[in-house]
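# Close look at the chain arrangement
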Amino acid sequence: MSAKGTLVGLLGGAFLRRAQVVGVEEVGGFSRVVLRGEVERAEPGTKLQLLLPGDDMRTYTPIATSEGIVLLGWRHAPGPGGRWAASVKEGDELRFVGPQRSLVLPEGRAIVVGDETSVAVAASFEAARAGRVTAVLEASEVTDVRAAAARVGLGSASVLARGDTAGLVDAIVRAREEAPSAAIALTGGSELILRLRAALKERGLADVRTKTYWVPGRQGLD
């Protein structure tokens, strides 16, 4: 139970919106959850903060689709977020805060870099900027994450094994050479962001934006 979740739960209708789960699909270690209800058409890079059972709160990036708002929940995440992703089912009612601003990128092409927690944010930008977003991701289970990325519109994503810093940097540099004006966003875990920011600086790319979603040993930050 989180203090924030308890407070939000007590305040109830003053802050919370509601939506119903109208579809759940397991793909690549994720649950792809489709929502309809009191959900505005989400802008790319925004966030929803779900109030989960037990008054815990977890943050997800909404992806705007023709079906409704799509969330990706990583089923293997430790704690309440993983339990929710593994158990959510069609017909569930969800309460949440948002959408709210989180990652803002200038108009035009974008290179979104990260890990499992970054698939949805990259997909949210691709949904709004079709064909103008390059996703570069690292993952423990490359095949699974590649499948999930493709299911949310990132069929051309580069997905590399966790820890392959050189491969990630090469992919980012190639993408920037193809689109010199593209904004680069480093997202996901703090250790990944620190590694890549230092390596990219050595390659002459210091103009990067960062958005940390989690730190080892702690719950999500955003």
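Fair warning: this is a prediction, and the values are worked out from it, not measured in the lab.

About the cut-offs
- Residues numbered from 1 in each chain as written.
- Predicted model: local features only at pLDDT ≥ 70, side-chain atom pairs only at ≥ 80, totals over all residues.
- Heavy atoms only, no water.
- Salt bridge = Lys/Arg side-chain N within 4 Å of Asp/Glu carboxyl O.
- Helix = DSSP H or I, 4+ residues; strand = E, 2+ residues; numbered from the N terminus.
- Buried < 20%, exposed > 50% of the residue type's maximum accessible area, 1.4 Å probe, protein only.
- Contact = heavy atoms within 4.5 Å.
- Core = buried A, V, L, I, M, F, W, Y, C linked by side-chain atoms within 4.5 Å.

### Some words on the pattern of salt bridges
Side chains that differ in sign of charge can pair as their charged atoms come close. Taken as a whole, this structure holds eleven salt bridges when the rule is applied. Among the ionic pairs, Arg32 bridges to Glu67, the shortest N-O distance being 2.5 Å. Here the residue Arg32 occupies a position in strand S2 (residues 30-37), and Glu67 occupies one in the loop between strand S5 (63-65) and strand S6 (68-74), the gap between them amounting to 35 residues. Of the residues examined, Glu67 reaches a relative accessible area of 32% and is grouped as partly exposed. Between Arg176 and Asp207 there is a salt bridge; the shortest N-O distance is 2.5 Å. Here Arg176, found in helix H5 (residues 165-178), pairs with Asp207, found in the loop between helix H6 (190-202) and strand S12 (208-214); they are 31 residues apart in sequence, far enough to count as distant.

### Points about the side chain of Ser190
Residue placement: Ser190 occurs in helix H6. Setting aside chain neighbours within four positions, we find Ser190 in contact with Thr212, Trp214, Val215 and Pro216.

### Observations concerning the nonpolar core
One finds Phe30, Leu103, Leu105, Val119, Val145, Leu154 and Val159 to be the most contacted residues of the largest nonpolar core, which totals 30 residues. At the level of elements, S2, S6, strand S8 (110-114), helix H3 (119-128), strand S9 (133-139) and helix H4 (142-151) are the ones that each hand at least two residues to this core. Ranked by residue count, the leading element in this core is H3, at six residues. What Val159 contacts, discounting residues up to four positions off in sequence, is Leu137, Ala139, Val142, Val145 and Arg146. Membership of the second largest hydrophobic core comes to 21 residues, among which are Ala175, Ile184, Leu196 and Leu200.

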